[in-house]
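# Structure assessment
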Amino acid sequence: MNIRERIIEVFHNELEKPILDIDLAKYLDIEPSQYKVIFELLAKMADEGILIATKKKKYGTPEMFGMVVGKVEVTQRGFGFVMVDGSANAGKKHDGSASSDIFIPASEMGGAMNKDRVLCKVTKGLDGEKRREGTIVKVVERANNQIVGVFQKNKSFGFVIADDKKINQDVFISFNNTMNAESGDKVVVKIIKWPEGDKKAEGKVIEVLGNKSAPGVDILSVIYKFGLPDAFSNKVEDAAAIIPTDVAPEDLIGRRDMRNDTIVTIDGPDAKDLDDAVSVKKLDNGHYMLSVHIADVTNYVKEGSVLDKEAFNRGTSTYLVNKVVPMLPRRLSNGICSLNPQVDRLTLSIDMEIDEKGQVVSHDIYESVICTKERMVYDDVSDILAGENLEALSRYEYLFDFFKLMEELQQILRKRRDMRGAIDFNFPEAKIKCDDEGHAIDVVKEDRRIANRIIEEFMLIANETIAEHFFWMEMPFVYRIHELPNEEKIENFNKFLANFGYFLKMKEGEIHPKAIQLLLSKVDGTREEHIINKLMLRSLKQAKYSPLNEGHFGLAAKYYCHFTSPIRRYPDLQIHRIIKECLNGKLSEARIERLKGIVENASLQSSERERLAEQAERDADDMKKAEYMLSHVGETYNGVISSVTSFGFFVELENTVEGLVRLQELDDDYYFYDEVLMQLVGERTRRTLRIGDVVQIQVNRVDVDLREIDFGLLEILESQSDKPPIEIGN
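Residues numbered from 1 in each chain as written. Predicted model: local features only at pLDDT ≥ 70, side-chain atom pairs only at ≥ 80, totals over all residues. Heavy atoms only, no water.

### Considering the overall build of the protein chain
On a plain count of helices and strands, the protein chain comes out with 16 helices and 36 strands. Each of the three principal axes of the protein chain carries a C-alpha extent, and together these read 80 × 80 × 60 Å. Across the 730 residues in the protein chain, those meeting the buried criterion constitute 50%. When contacts within the protein chain are restricted to residue pairs at least 6 apart in sequence, those whose partners lie at least 24 apart make up 66%. As displayed, the protein chain offers around 35,100 Å² of accessible surface, 48% of which is attributable to carbon and sulfur atoms. If the 99 positive side-chain charges of the protein chain are averaged to one point and the 124 negative ones to another, these points end up 4 Å apart. (Helix = DSSP H or I, 4+ residues; strand = E, 2+ residues; numbered from the N terminus. Buried < 20%, exposed > 50% of the residue type's maximum accessible area, 1.4 Å probe, protein only. Contact = heavy atoms within 4.5 Å. Areas by Shrake-Rupley, 256 points an atom, 1.4 Å probe, with all protein chains shown as cover. Lys, Arg positive; Asp, Glu negative; His and termini not counted. Charge placed at Lys NZ, Arg CZ, Asp CG, Glu CD.)

Rendered as structure tokens:
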């Protein structure tokens, strides 16, 4: 234990009140010659918010002074909530309901900005009460070193309105710091002075992205808003440039040659980074041999190299409507690493012998070289299997039996997962179509057809088999885990389900994924299916990466990892290295010990980068959906009420676009919000608006910058009727 850790332990476990710095040094039995070092360390820990220091050099934990440390979430209206470090509520949305987080009035923000880590003094309320209030005493760590926003020029200065509406103060820009930006330009601003008292933050423009209405600037703004690394540095591009575009003969040594096998890729039509290829055979014993071949990216991206460090920092590729922010330079991701058709490619492969019940009875993992026969598209394979596309049937007639065998195996694997209780959310993805200039021209639902399900099942079984193999080898590894859901969230979800007459049974505070699976099968094909799917997903914890195998609740799997996408996910890349080192006998005791730290860092970094990518992708989708609806203001649509709040209700249209009907727009009655039943009830008419009601709306207003779509209610077409709850569960 180092001295810093010892100080933390003493304050949390041994001391009950603040102590002078010199008395603490004596308590720790520090030599007088080292006092200066200790005093400097204490001052640094106070700067970090770990300790509090008085003017008389007394130190204590924040709790000793009635304070807490946490991250502040600011609302668009200026007030905020401090999410206390370690709080189970961190990251939730706030509506004033009971929580351990601390409400901060706008007047008590103390110059803090959204996401800042702050020191907060509790001024009202005790633990366990409905709401605690506080004031921000100090900003411990700034989260917004730079922001993206729209520049506006004034007579004597400029200012920037942040794209992130939770940063609700303009940033002052002196004329010396504008980089000649014009009004209406999207700019990137570096903060040079933080807000203090009534003074706004001051910044300088470090990049002009272009006029906010110029093609591509909106997506570029999202990239900068979330701090995504768009362009690769010259150093990284130079490292990629020296990698050959064709497989080198020396790289074939020791690999299993699979180039004569019938192997195909099946992806979306726009995909350029093809990670995985598959092959299926029927064996003489009636079993299936499924071979999954994954791009051997580690052959080109060596541990500790410039390319590896860049991939680690990015963590994942991010897909923003019509633009990809790749994890690896395109020379690799679209070139030598991509399993393009009719060219040799290096792969890491797994053969799985699968019986008629979907059990993997044996498997073999090996390095290989393949040459795919075809680059197939999901829709073409689905059409071929459905007999719907004569042109595709003719073109790929020689693969018809091959695809039918895939379909047969997929059904077996799916049945196996269903039997153990795996949750399968039937989410049609929204496809946002754009014109040549990047403007949204349509939003459509993309269904998961049979070819999508084939690849999904094949990748799932490969990931499970790899994870179980290395779990029993007791190797350091990066697992994909999904923890048990929070009991309180399931209870709240049950309140929501009451609107539809369903109830999920729990046993000793826990729920089995089979119960959720049964619920989803009950609502399959109903108008409320999509909404229940979506809110159920929100009630579950988010999956993440971990060096510990804790199982995957959603998949009802004891072992799971991500092995199948090393071009676009760093965890896959990392475990490929471990697999290859195992295959080649290179795992010494020292290496295994070093890998423990590597997989821990990779798990944490990859989970964080995945969350950021998801936020950016969601923001880009919301922006483009709003842009699309801008040209449909005044039009009417039918939709389903997807959520009800104290300020109105959201309606989801058939194309997945969601808009808000504000409470003040309901002028036929005064409506009050029933929080327990999550519905709005008219005081005079007793008219009820609840989740699942089918309504007709008119598009009233769209604000693309705010990602807001406002609907007006025209008519309730079908009301959700009361019915006795149906218990679902073990």
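Read on for the rest.
### Considerations on the sheet that holds strand S1 (residues 19-20)
The antiparallel open sheet is built from three strands, whose spatial order is S1-S3-S2. What marks the edges here is a single partner per strand, and that holds for S1 and strand S2 (52-53). With two bridges connecting them, S1 and strand S3 (residues 58-60) associate as antiparallel partners. Within the sheet, the bridge partner assigned to Ile-19 lies in S3 and is Tyr-59. (Pairing = 2+ DSSP bridges.)

### Things to note about the side chain of Asn-655
By the secondary structure assignment, Asn-655 is in the loop between strand S29 (648-653) and strand S30 (658-662). Note on Asn-655: relative accessible area 13%, which makes it buried. Within polar-contact distance, the side chain of Asn-655 engages the backbone nitrogen of Val-657 at 3.1 Å. Apart from the residues within four sequence positions on either side, Asn-655 is in contact with Ala-430, Val-443, Lys-445 and Tyr-628. (Polar contact = N/O pair within 3.5 Å; in protein donor to acceptor, adjacent residues only side chain to side chain.)

### A look at unusual backbone geometry
Here the phi dihedral of Asn-180 falls at roughly 65°; this positive angle occurs in a residue that is not glycine. With respect to the secondary-structure elements, Asn-180 resides in the loop between strand S11 (171-173) and strand S12 (185-193). Phi at Gln-342 takes a positive value of approximately 60°, unusual for a residue other than glycine. Among the secondary structure elements, Gln-342 is positioned in the loop between helix H7 (330-336) and strand S20 (344-354).

### Focus on the packing of helix H10 (residues 400-420) against helix H11 (residues 450-472)
Viewed as axis vectors pointing N to C, H10 and H11 meet at an angle of 60°, and their least axial separation amounts to 9 Å. The angle between H10 and H11 places the two elements in the oblique class. The hand of the H10/H11 crossing is left-handed. Residues Met-406, Glu-407, Leu-409, Gln-410, Leu-413, Arg-414, Arg-416, Arg-417 and Arg-420 of H10 touch H11, and the partners they reach there are Ile-450, Arg-453, Ile-454, Glu-456, Glu-457, Phe-458, Leu-460, Ile-461 and Glu-464. When grouped by side-chain class, the residues that make up the contact of H10 with H11 number eight nonpolar, one polar and nine charged. (Axes fitted to C-alpha atoms, helices over the stretch in contact; angles between N-to-C directions. Parallel < 35°, antiparallel > 145°, perpendicular 65-115°, else oblique. Left-handed = near helix turned anticlockwise from the far one by under 90°. Nonpolar A, V, L, I, M, F, W, Y, C, P; charged D, E, K, R; others polar.)

### Description of the sheet that holds strand S31 (residues 671-674)
Pairing within the open sheet is antiparallel, and its three strands lie in the order S31-S32-S33. Taken across any chain shown, the strands that pair with only one partner, and hence form the sheet edges, are S31 and strand S33 (688-690). Mean inter-strand twist for the sheet, computed between neighbouring axes without regard to direction, equals 20°. Two elements, strand S32 (residues 679-682) and S33, share three bridges in a ladder whose sense is antiparallel. Within S33, the residue paired with Leu-680 across the bridge is Leu-689.

### Description of the state of the cysteines
Scanning the entire structure with this criterion turns up zero disulfides. Residue Cys-561 stays outside any disulfide, its sulfur separated by 13 Å from that of Cys-582, the closest cysteine. (Disulfide = S-S within 2.5 Å.)

### Some points on the nonpolar core
With 85 residues, the main nonpolar core has Ile-266, Phe-403, Met-406 and Phe-458 as its most contacted residues. Beyond its immediate stretch of four places on either side in the chain, Met-406 contacts Val-264, Ile-266, Val-278, Val-280, Ile-454 and Phe-458. Ranked by size, the runner-up nonpolar core spans 49 residues in total, among them Val-443, Ala-515, Leu-540 and Tyr-671. (Core = buried A, V, L, I, M, F, W, Y, C linked by side-chain atoms within 4.5 Å.)

### So, helix H14 (residues 529-539)
Along H14, eight of the 11 residues are buried, which leaves the element largely enclosed by surrounding structure. Looking at H14, one finds that the buried residues are Glu-529, Ile-531, Ile-532, Asn-533, Lys-534, Leu-535, Met-536 and Ser-539. Where H14 is buried, its residues meet helix H12 (487-497), strand S26 (502-504), helix H13 (513-523), strand S28 (636-645), S29 and S30.

### Considerations on the packing of aromatic side chains
Using the criterion set out here, one finds 13 aromatic pairs in the structure. A ring pair is formed by Phe-81 and Phe-103, whose centres lie 5.7 Å apart and whose planes are at 65°; its orientation type is edge-to-face. Of the two residues, Phe-81 is situated in strand S5 (residues 80-84) and Phe-103 in strand S6 (residues 102-104); the sequence distance between them amounts to 22 residues. For Phe-81, a relative accessible area of 6% gives the class buried. Here the aromatic cluster, defined as three or more aromatic residues joined through ring pairs, consists of Phe-79, Phe-81 and Phe-103. It is Arg-480 that lies over the ring of Tyr-545; its NZ or CZ is 4.5 Å from the centre. (Phe/Tyr/Trp six-rings, centres within 6.5 Å; stacked < 30°, edge-to-face > 60°. Lys NZ or Arg CZ within 6 Å of the ring centre and 35° of its normal.)

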